Amino acid sequence: MHRRDFLAACGLTTGGMLLPSFTGRLVHAEELRSTMDVGLKKRLADAALNAATKAGATYCDVRIGRYLRQFIITREDYVQNVVNTESVGAGVRVIANGAWGFSATNDLTEENIARVAQLAVAIAQANSHNQTAPVQLAPVKGVGVVSWRTPIKKNAFDVPIKDKAEMLLQVNGAAIAAGANFVNSTLFTINEQKYFASTDGSYIDQDVFRLWAPMDVTCTDKATGKFRQRAGLGAPVGMGFEYLDGSPADKVTLPSGTIVYGKSYDMKEDAIAAAKQARAKLAAPSFKPGKYDLVLDPTNLYLTIHESVGHATELDRVMGYEADFAGTSFATLDKLANRFRYGSDVVNLVADKVQPGSLGAVAYDDEGVKTKRWDIVRDGVLVDLQAIRDQAHILGKTESDGCCYADSWSSVQFQRMANISLEPGKAKMSAADMIKDVENGVYIVGDGSYSIDQQRYNGQFGGQLFFEIKNGVVTRQVEDVAYQIRTPEFWNACVGVCDESDYRLGGTFFDGKGQPAQISSVSHGSSTARFNGINIINTARSLG
Amino acid sequence: MTIFTEDQARAIVTKVVGLSKADDCSANLSGLVTGNARFALNNLTTSGIVENTSLEVEVAFGKRLGTATVNAFDDAALERTVRRAEELARLAPENPEYTPSLGPQTYLATQTFSAATAAITPAYRAQVAADSIAACKASDLTAAGFLEDAQGYEAFATRHGATGFQRSTVLDYSCTARTRDGHGSGWVTRNLQDSTGFSASAEVRAAIRKAMASTETKALEPGKYTVILEPAAVAGMLGPMTSVFDARRADEGRSFLSKKGGGNKVGDQIFGPQVTLYSDPAFPGAEVLPWDDDYRPRGRVTWVDGGKVTNLQYSAYWAQKQGKSPIARPGNLIMAGGDKSTADMVRGTERGILVTRLWYIRSVDPQTVLLTGLTRDGTFYIENGAIKYPIKNFRFNESPVIMLNNVEEIGRPVRLVGEGGGGGRRGGFFNIGSALGQEVTVAPALKVRDFTFTSLSDAI
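Because the structure is predicted, anything quoted here is derived from the model rather than measured.

A. Just the overall build of chain B, in detail. A tally of helices and strands in chain B yields ten helices and 19 strands. In summary, chain B has a C-alpha radius of gyration of 24 Å against a globular reference of 23 Å for 460 residues, a match within 12%. The dimensions of chain B, computed from C-alpha atoms along their principal axes, are 70 × 60 × 35 Å. Considering only residue pairs separated by 6 or more positions, chain B has 75% of its internal contacts joining residues 24 or more positions apart.

Quick look at the structure:
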């Protein structure tokens, strides 16, 4: 399909996410249900490992990947496109003479993969001439032959395309019937069949599933020429099609009356609400700028965590490896050493590569490291960063954090953000309890516009729905709101986090990093949290 | 990459169209080789070459569409691919937006290929990195940067007789120079179709100069300022405008070009009288493919003339529905400019701010095209016609619609790919494939009054 159609169809033209390239082979939907023979993968991997070792590599890893994607794109009452793609191949990474070398191929024969492994060694040897210090790799104990699969209940690729398209058209129809003028909805389903083998003695077969069903509902007012959009409040997830079951037990009614979703999503119900709320946005009063106490629902806070904590604590950014592109970070090594106060005492931020249902969950990362959960900020203090095998020594660590990822067999794996989440508060507190104490505040639901500087200090975030809070009561829906933060001040202004019963995951499906750019998917969990005295700007403008 | 000659490529797409039994068929064969070298902390960090050749076959039975791709080109593979597309089309729901493929067309001759760019080698890329690093090191600075170059071709044929073949090249370079203490940062970018005469050693001087001049910053109060936006900053503000000239969004009532009471603003004065925006596939230095995604011929189209909207872009479907003529989707956006250099504009400024680039630009309100983002890598206070001192970076909240109503002076336009955001350029990321004769901005420096900065940033 044409890239522009994809952008327009998904309503992503104003978004900041990195879009996947469509370099995969288009295939039948049926082919998306199969897997590669694990015996064949092991033979291919051994051919590469042996060839690399023989050619002089002191370390080698092989990733044999089959990456499957299906996108169903609709607007109003018709399907605009159905795309099934498959990309299969192998990437071989080696260390020779203390330097990295990488080579990849889509020709999966034992003879060719051995040749590619030799090429990777030759590249490493060439690179070693200009290397100022040899690669220091944190040790990993081989795990032998193991496998892991995302614990899905219903494989989305098993559901006939017709049924999935029909579901989206019903969602669109419900929004139109509820007063929307336009609606775009899309279903993205992804399956990464990844086989990893290394000279450490690991043969790891993983079958990873992710799903996202975004939508955008638009209401227009012909008389005034105004239009407003409300995006869906569902999250991208590391789950199967069961996420779209919309179980009543997973619904949460917020103090604003808004319904949000936990472990499953009722897209049709949300489409109806979106149509009504987009209409209400057209008439909602413009909000007065100033300092307010902010109450942020997890559907909003996840993106602020992503930008102000997730990216800021990536060690490659901290060191300067991303300086020409996404930038560096204010969270420097000296701040880590000096126990920098990142937030208030109630702020506990954890990195997590194992959380069920999250986009980042795997058993082993893309360099064969067993995944784990670790602290980044504990009781408000910066205690750690995110590091992979060749970075661990910089932090004096003896093991990788297990957050290495490549978006394709043909991409070189590098440090990517783990799920970074705000731990729920320990004391019992609901969003309604929290709002009761707010005299003059704003309650924000859903993610909107987002922008942050190249060292992750100054951020500005919007939302989908804004509600005024006066003397402990949600009074009315308002518009034209964005909050501006300075990261450490923002997290130090956090005075409360609701308890575990309010904890939900949000996430970003196409997060971009690196040159050439690679995509990654990552979740961020939190409960509703309160931040005092935050600067709110009014985003309305008059064009005369 | 499977290298095909023009004759071979044309023969393949013609053969494929002939194989299909569907009502309509078009075939597109494209090849792309990209090479890159990345450096950081004064070291080459990664380098590589990625090759991809792909044939895409699109067929239609009535309004049912099917698409299949393949990267093998023997007769059996071609036949299989056509049959697969036909099978998918039979199963597909009807697409009401389908319009038949085009018949024979006459395309403009545009020069999108440079033999020099196509001849770039791994050694050349390594030398660009080495030259950038050496110059920065000599000034006691730390270099990080990226060079990416690409060459490719596209051949197509349709059932109704449109056909074409063209080769393209592009080179994109950027370098960030930072002082060792992290208090100064400068940046330079260069995007070229023809690498002849490109010199990283020369280009990197701008980044070095800005890094060294930006160490002792002072903080100015946020507010409205006269700004001189360098071309990269202007391209960042214009980037989101390209989708604004879509007729369908305007007619549907969801664009700033929608009119109260319905309809669109064609004929209305929306910007200041100095502003002229147009697209021209044959613009020297920014030449692009002479056809769009639907193989519709691109010609020169003026979108805004003297501040007045003169044209909107109509897809075939929307044109048919509205009784208009379709207009090809443009491959470039050009803002007409003058002859002044940025230095000339600084000399004529009593008080103002010079902005090197804008970063992490995101839409805040599509109704007014309000954007937010930050200054980065060289922001300076101007007083009495001279740069007085470097200043701390600002966050802006401004609409290009307002900006283009407040233009005081226009500089000399240069070729760029739009500066987009945190994830990269042009609305999220820079896709070198897209830059192969597809998406180029030609932007001048602008002097603009009352540009809105809303907060300070500590980032360097």
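B. Seen up close, the overall build of chain A. The number of helices and strands found in chain A is ten helices and 28 strands. C-alpha extents for chain A along the principal axes are approximately 70 × 55 × 45 Å. When burial is assessed residue by residue, chain A has 61% of its 544 residues classed as buried. Within chain A, counting contacts between residues at least 6 apart in sequence, those at least 24 apart form 75% of the total.

C. Structural detail: the domain arrangement of chain A. Residue and element names in this part refer to chain A. Here the domain parsing of chain A yields domain 1 (3-283) and domain 2 (290-538). Summarising the inter-unit geometry, the C-alpha centres of domain 1 and domain 2 are found 21 Å apart. With 53 residues of domain 1 at the contact, the number on the domain 2 side is 52 residues. Mapped onto the side of domain 1 that touches domain 2, the elements with two or more residues apiece are β2 (59-75), β3 (78-96), β4 (99-105), β6 (182-198), β7 (202-212), β9 (226-231) and α5 (267-283). Element by element, the count of residues in the side of domain 1 that touches domain 2 is highest for β7, at six residues.

D. Spotlight on the interface of chain B and chain A. Taken together, the contact pairs 72 residues of chain B with 58 residues of chain A. Grouping the constituent residues of the side of chain B that touches chain A by class yields 24 nonpolar, 34 polar and 14 charged.

E. Molecular detail of the domain arrangement of chain B. Residues and elements named next belong to chain B. As far as domains go, chain B holds domain 1 (6-212) and domain 2 (216-460). For domain 1 versus domain 2, the separation of C-alpha centres amounts to 24 Å. On the side of domain 2, 30 residues touch domain 1, which itself brings 34 residues to the contact. For the side of domain 1 that touches domain 2, the elements supplying multiple residues, two or more each, are β1 (24-40), β4 (141-158), β5 (163-179) and β6 (185-192). A breakdown of the residues in the side of domain 1 that touches domain 2 according to their chemical character gives nine nonpolar, 20 polar and five charged.

F. Summary view of helix α3 (residues 110-128) of chain A. Residues and elements named next belong to chain A. The end-to-end C-alpha distance of α3, which contains 19 residues, comes to 27 Å, matching closely the 27 Å that a straight helix rising 1.5 Å per residue would cover. When we look at burial in α3, the residues that qualify are I113, A114, V116, A117, Q118, L119, A120, V121, I123, A124 and N127. As for α3, its buried residues are in contact with α2 (38-54), β2, β3 and β4.

G. Expanded view of the nonpolar core. In terms of nonpolar packing, the biggest core is built from 290 residues, with A48, A52, V94, A117 and A120 of chain A touching the most fellow members. Here the element with the most residues in this core is β4 of chain B; it accounts for ten residues. Setting aside anything within four residues of it in sequence, one finds A52 of chain A in contact with A57, C60, V92, V94, A117, A120 and V121 of chain A.

H. How the structure looks around unusual backbone geometry. Cis geometry marks the peptide bond from Q515 of chain A to P516 of chain A, where omega comes out at -5°. Residue placement: P516 of chain A occurs in the loop between β26 (504-513) and β27 (518-526). Phi is positive for D450 of chain B, which is not a glycine, with a value near 60°. Within the element layout of this structure, D450 of chain B appears in strand β19 (residues 446-456).

I. The sheet that holds strand β13 (residues 349-352) of chain A, seen in detail. Residue and element names in this part refer to chain A. Judged by pairing direction, the sheet is antiparallel, and its four strands sit side by side in the order β15-β14-β13-β18 without closing on themselves. Since the sheet does not close on itself, it has two edges, and those belong to β15 (381-382) and β18 (419-422), each with one partner. Pairing analysis gives four bridges linking β13 to strand β14 (residues 373-378), with the strands arranged antiparallel. Paired with A351 across the strands is W374, a residue of β14. Contacting β13, β14 and β18, helix α6 (residues 298-310) runs over the sheet at an angle of about 115° to β18.

J. Geometry of the packing of helix α4 (residues 122-138) of chain B against helix α5 (residues 200-213) of chain B. All names here are of chain B. The geometry of α4 relative to α5 is characterised by a closest axis approach of 9 Å and an angle of 40° between their N-to-C directions. What the angle tells us is that α4 and α5 run oblique. The two elements α4 and α5 cross, and the hand of that crossing is right-handed. Between α4 and α5, the contacting residues are V128, D131, S132, A135 and C136 on the first element and A200, S201, V204 and I208 on the second. Split by residue class, the contact of α4 with α5 holds six nonpolar, two polar and one charged.

K. Spotlight on the environment of R64 of chain B. Residue and element names in this part refer to chain B. Turning to its location among the elements, R64 is positioned in strand β3 (residues 64-70). The class for R64 is partly exposed, based on 19 C-beta atoms found within 10 Å. In this structure the C-alpha to C-alpha distance between R64 and A89, which are 25 residues apart in sequence, comes to 5.3 Å. Other than its neighbours up to four places away in sequence, R64 contacts A89, R90, A92 and E94.

L. Representation of the pairing of β26 of chain A in the model. Residue and element names in this part refer to chain A. Along β26, ten of the ten residues are buried, which leaves the element largely enclosed by surrounding structure. Sheet analysis places β26 next to β27, joined by eight bridges and oriented antiparallel. Its bridge partner lying in β27, K513 is registered against Q518. Between β26 and the antiparallel strand that follows it, β27, lie four residues; G514 among them carries a positive phi value of about 90°.

M. Seen up close, α5 of chain A. Residues and elements named next belong to chain A. Between its first and last C-alpha, α5 extends 25 Å over 17 residues, near the 24 Å set by a 1.5 Å rise per residue. Every buried residue belonging to α5 is among M267, D270, A271, A273, A274, A275, Q277, A278, R279 and K281, and all of these are buried. Those residues of α5 hidden inside the fold are in contact with α4 (161-177), β6, β8 (215-221), β9, β11 (259-261) and β22 (465-470).

N. Representation of the sheet that holds strand β8 (residues 277-279) of chain B within the structure. Residues and elements named next belong to chain B. Ordered in space as β10-β9-β8-β11-β18-β17, the six strands form an open sheet in which the pairing is mixed. Here the strands that pair on one side only, and so sit at the sheet edges, are β10 (308-309) and β17 (414-416). Note that β8 and strand β9 (residues 301-305) share three bridges and pair antiparallel. From the neighbouring strand, L277 faces β9, where its bridge partner is V304. Sheet contacts for helix α6 (residues 231-238): β11 (332-335), β17 and β18 (440-443); angle to β18, the most-contacted strand, approximately 125°.

O. Structural view of the confidence of the model for chain B. Looking at chain B as a whole, its pLDDT mean stands at 91, while 95% of the residues score no less than 70. Here the complex is predicted with pTM 0.94, and the ipTM for its interfaces comes to 0.92.

P. Structural detail: the pairing of β13 of chain A. The sheet contact formed by β13 of chain A and β18 of chain A spans four bridges and is antiparallel. Of the residues in β18 of chain A, the one forming a bridge with D352 of chain A is N419 of chain A.

Q. Representation of the confidence of the model for chain A. Looking at chain A, pLDDT values average 93 and 94% of them are 70 or higher. Here residues 1-23 of chain A is modelled with pLDDT under 50, and outside its nearest four sequence neighbours on either side it reaches 62 contacts, counting other chains as well.

R. Quick peek at the environment of V143 of chain A. All names here are of chain A. Among the secondary structure elements, V143 is positioned in the loop between α3 and β5 (144-149). Residue classification places V143 among the partly exposed positions, given that 17 C-beta atoms sit within 10 Å. Residues V143 and R530 lie 387 residues apart in sequence; the distance between their C-alpha atoms is 44 Å. Setting aside its immediate chain neighbours within four residues, V143 contacts S202 and I204.

S. Looking closely at the environment of N406 of chain B. Residue and element names in this part refer to chain B. Within the secondary structure, N406 sits in the loop between α10 (400-403) and β16 (407-410). For N406, a count of 18 C-beta atoms within 10 Å puts it in the partly exposed group. For the pair N406 and F451, spaced 45 residues apart in the sequence, the C-alpha separation amounts to 8.3 Å. Those residues in contact with N406, other than ones at most four positions away along the chain, are V448, R449 and D450.

Basis of the calculations
- Every chain is numbered independently, its residues counted from 1 as its sequence is written.
- Chain letters start at A and ligand numbers start at 1, both assigned in the order the entries are written.
- With pLDDT at 70 or above as the cut-off, local features in this predicted model cover only qualifying residues; side-chain atom pairs require 80 or more to be listed or tallied, and sums for whole chains, interfaces and linings still use all residues.
- Secondary structure elements follow DSSP: runs of H or I of four or more residues count as helices, runs of E of two or more count as strands, with numbering from the N terminus.
- When we talk radius of gyration, it's over C-alpha atoms, and the globule rule is simply 2.2 Å times the number of residues to the 0.38.
- By definition, residue pairs are in contact when their C-beta atoms, positioned from the backbone, come within 7 Å.
- Partly exposed residues are those falling between the two cut-offs: more than 12 but fewer than 20 other C-beta atoms within 10 Å of their own, whereas 20 or more means buried and 12 or fewer means exposed, with C-beta atoms placed from the backbone.
- Where a domain begins and ends is set by an automatic assignment or by a domain database.
- Classification used: nonpolar for Ala, Val, Leu, Ile, Met, Phe, Trp, Tyr, Cys and Pro, charged for Asp, Glu, Lys and Arg, polar for all others including Gly.
- A helix is expected to span 1.5 Å multiplied by its residue count minus one.
- We call a set of buried Ala, Val, Leu, Ile, Met, Phe, Trp, Tyr and Cys residues a nonpolar core when their C-beta atoms link them within 7 Å.
- DSSP-based pairing: two strands are paired if at least 2 bridges between them are found.
- Under this scheme, a helix contributes an axis fitted over its contacting stretch, all axes are lines through C-alpha atoms, and angles between N-to-C directions fall in the 0 to 180 degree range.
- Oblique is the label for every angle not falling under 35 degrees (roughly parallel), over 145 degrees (roughly antiparallel), or within 65 to 115 degrees (roughly perpendicular).
- For any pair of crossing helices, the crossing counts as left-handed if the nearer helix is rotated counterclockwise from the farther one by less than a right angle, and right-handed if it is rotated clockwise.
- Confidence per residue, as judged by the predictor, is encoded in pLDDT with a range of 0 to 100.

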